[in-house]
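Breakdown of the fold
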Amino acid sequence: MVFDDGSIEEMLGKIDMRSALERMFRALADGSATQPAQTLSLFPDNAGDFITYLGVLASEKVFGAKLSPYIPGDGAALVTAWTLLMSMETGAPLLLCDSKRLTTERTAATSALAVDLLAREDATILTVVGTGAVGLAHLRHVESLRSWREVRLCSPSARSKVGLPDTLANGTSVVTFTDADEAALGADVVMLCTSSGSPVIDVARLQGDALVTSVSTNVANAHEVDPAALSGLDVYCDYRATTPASAGEMKLASAAGTWTSDRLLGDLPELLSGRATLPSRTRPAFFRSIGLGLEDIAAAVAVLAAARA
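The notes below deal with the structure included here.

**Observations regarding the pairing of strand 7 (residues 82-87)**
For strand 5 (residues 62-71) and strand 7, the ladder comprises 6 bridges, and the chain directions are antiparallel. Paired with Leu67 across the strands is Trp82, a residue of strand 7. Between strand 7 and strand 8 (residues 93-98), which pair antiparallel in sequence order, lie 5 residues; one of them, Gly91, sits at a positive phi of approximately 75°.

So, in structure tokens, the structure goes:
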């Protein structure tokens, strides 16, 4: 089966991405999945690069890979992604799909899992920094996780605020900001959803029990918080075996000697299996996602199931 972007768009409403990812992370916890490290391959003559995301999901009897190239252009760079899903039983391909939208959805669903596991149960103020497709997907995936009484969306300019929602489906008001630190002040959960290669908020200004989530991009050593700040945070990630070697702020902090990966308090498999230390609530918690190949494999499995149904 081959699905282009239009086909994937039609299918998204039939997929419970968060449940698919939770099953995958539980499989990773019990040893029925394998997650190799992602690899970055450079094109010659600074013509771009591509990241390879691999994964084996034995619980579903599949394996596969996603290839995501970054191709610079005169204007905005071109970023695409395609996932190939194969059978562990026959060795034959099962599915090839455009995974740009799926990447957005699985990234947001992974962050939502972290919010549900790490944020205070009585969290009421949510901030989302970045209001592109990734930021709005994050909002959609977390809007029902807590009883939010205020939601703040931060866009870098007034123009980019056009078309943003004024309320959630349940009537909760949505306030827009242009200053990220102002939007994050006093928030219980701050979701960073930008393509920045440098810090976008000052975590020292956050309230002591806040949760910050951060995602990744193809920018070299991409990071949305200051690497030096990690030593003052309760740090979590999607998968401890691979994330510290790829996440920009973790790599930079390790190189500077201000933080080491053995200070991670847990990852999603450990949190879901009850083996991780929970946040202290005496300082902010930080969850870092780099995007795993297994997330892409789980998303492709969900697409295949929806297509067969």
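**A look at helix 3 (residues 100-118)**
For helix 3, which comprises 19 residues, the first-to-last C-alpha distance of 27 Å matches the rise-based estimate of 27 Å (1.5 Å per residue) to within 8%. Counting buried residues in helix 3 gives 15 out of 19 residues, a clear majority hidden from the surface.

**What about the packing of helix 3 against helix 4 (residues 133-142)?**
Where helix 3 contacts helix 4, the two axes come as close as 8 Å, and the packing angle between them is 45°. Between helix 3 and helix 4, the angle falls in the class oblique. The two elements helix 3 and helix 4 cross, and the hand of that crossing is right-handed. Here Thr104, Glu105, Thr107, Ala108, Ala109, Ser111, Ala112 and Val115 of helix 3 lie close against helix 4, whose contacting residues are Ala133, Val134, Ala137, His138, Arg140, His141 and Val142. The residue inventory of the contact of helix 3 with helix 4, partitioned by class, reads 8 nonpolar, 5 polar and 2 charged.

**Focus: the nonpolar core**
Counting residues in each nonpolar core, the largest one holds 88 residues, and the members touching the most others are Phe25, Leu57, Leu126, Val190 and Leu230. Beyond its immediate chain neighbours, meaning those up to four positions away, Leu57 contacts Met24, Ala27, Ser32, Ala33, Val62, Met88, Leu294, Ile297, Ala298 and Val301.

**Quick notes on the sheet that holds strand 9 (residues 125-129)**
Here 8 strands make up an open sheet; going across it, the order is 11-10-9-12-13-16-14-15 and the pairing parallel. With partners counted over all chains shown, the strands left at the sheet margins are strand 11 (174-177) and strand 15 (266-267), one partner each. In terms of strand pairing, strand 14 (residues 234-237) meets strand 15 through 2 bridges, oriented parallel. Bridge pairing in strand 15 links Tyr236 to Gly266. Its contacts with the sheet place helix 3 against strand 12 (189-192), strand 13 (211-214), strand 14 and strand 16 (285-288), and it is angled at close to 165° to strand 13.

**Side note on the side chain of Arg288**
As for its position among the elements, Arg288 is in strand 16. Judged by its relative accessible area of 0%, Arg288 falls in the buried class. Among the polar contacts listed, one links the side chain of Arg288 to the side chain of Glu249, at a separation of 2.8 Å.

**With respect to the pairing of strand 10 (residues 150-154)**
Across the 5 residues of strand 10, 5 count as buried, placing the element largely inside the fold. Side chains Glu150, Arg152 and Cys154 project from strand 10 onto one buried face, and the interleaved Val151 and Leu153 project onto a second face that is buried too. Judged from the 5 bridges that link them, strand 9 and strand 10 form a sheet pairing that is parallel. Paired with Val129 across the two strands is Cys154, which belongs to strand 10. The β-α-β motif built from strand 9, the intervening helix 4 and the parallel element strand 10 has right-handed crossover chirality. Sheet analysis places strand 10 next to strand 11, joined by 4 bridges and oriented parallel. Pairing of Leu153 across the sheet is with Thr176, part of strand 11.

**A look at the packing of helix 2 (residues 17-30) against helix 8 (residues 293-308)**
Angle between the axes and distance between the axes are the two parameters that describe a pair of packed helices. The N-to-C vectors of helix 2 and helix 8 enclose an angle of 130°; their axes lie 9 Å apart at closest approach. As far as their axial angle goes, helix 8 and helix 2 are oblique. As helix 2 runs across helix 8, the sense of the crossing is right-handed. Where helix 2 abuts helix 8, its residues Met17, Ala20, Leu21, Met24, Phe25 and Leu28 lie against Leu294, Glu295, Ala298, Ala299 and Ala302. By residue class, the composition of the contact of helix 2 with helix 8 is 10 nonpolar, no polar and 1 charged.

**Brief notes about the state of the cysteines**
The full count for this structure, using the stated rule, is 0 disulfides. Cysteine Cys154 remains unbridged, with the sulfur of Cys193 as its closest cysteine sulfur at 11 Å. Here Cys237 is not cross-linked by a disulfide; its sulfur's nearest cysteine counterpart is in Cys193, at 18 Å.

**Considering the packing of aromatic side chains**
Within the structure shown, the criterion is met by 1 aromatic pair. Here the aromatic rings of Phe43 and Phe50 are separated by 6.1 Å at their centres, their planes lie at 35°, and the arrangement is tilted. In this structure Phe50 comes out as partly exposed when scored by relative accessible area, which is 24%. If you follow Lys66 out to its NZ or CZ, it ends over the ring of Tyr53, 4.4 Å from the centre.

**Side note on helix 6 (residues 248-256)**
When we look at burial in helix 6, the residues that qualify are Gly248, Glu249, Met250 and Ala253. Buried-residue contacts for helix 6 involve strand 14 and strand 16. In the stretch just after helix 6, Gly257 is the one whose phi turns positive, near 80°.

Reading guide: rules and limits
Residues numbered from 1 in each chain as written. Predicted model: local features only at pLDDT ≥ 70, side-chain atom pairs only at ≥ 80, totals over all residues. Heavy atoms only, no water. Pairing = 2+ DSSP bridges. Helix = DSSP H or I, 4+ residues; strand = E, 2+ residues; numbered from the N terminus. Expected span 1.5 Å × (residues − 1). Buried < 20%, exposed > 50% of the residue type's maximum accessible area, 1.4 Å probe, protein only. Axes fitted to C-alpha atoms, helices over the stretch in contact; angles between N-to-C directions. Parallel < 35°, antiparallel > 145°, perpendicular 65-115°, else oblique. Left-handed = near helix turned anticlockwise from the far one by under 90°. Contact = heavy atoms within 4.5 Å. Nonpolar A, V, L, I, M, F, W, Y, C, P; charged D, E, K, R; others polar. Core = buried A, V, L, I, M, F, W, Y, C linked by side-chain atoms within 4.5 Å. Polar contact = N/O pair within 3.5 Å; in protein donor to acceptor, adjacent residues only side chain to side chain. Right-handed = clockwise from strand over helix to strand, strands pointing away. Disulfide = S-S within 2.5 Å. Phe/Tyr/Trp six-rings, centres within 6.5 Å; stacked < 30°, edge-to-face > 60°. Lys NZ or Arg CZ within 6 Å of the ring centre and 35° of its normal.

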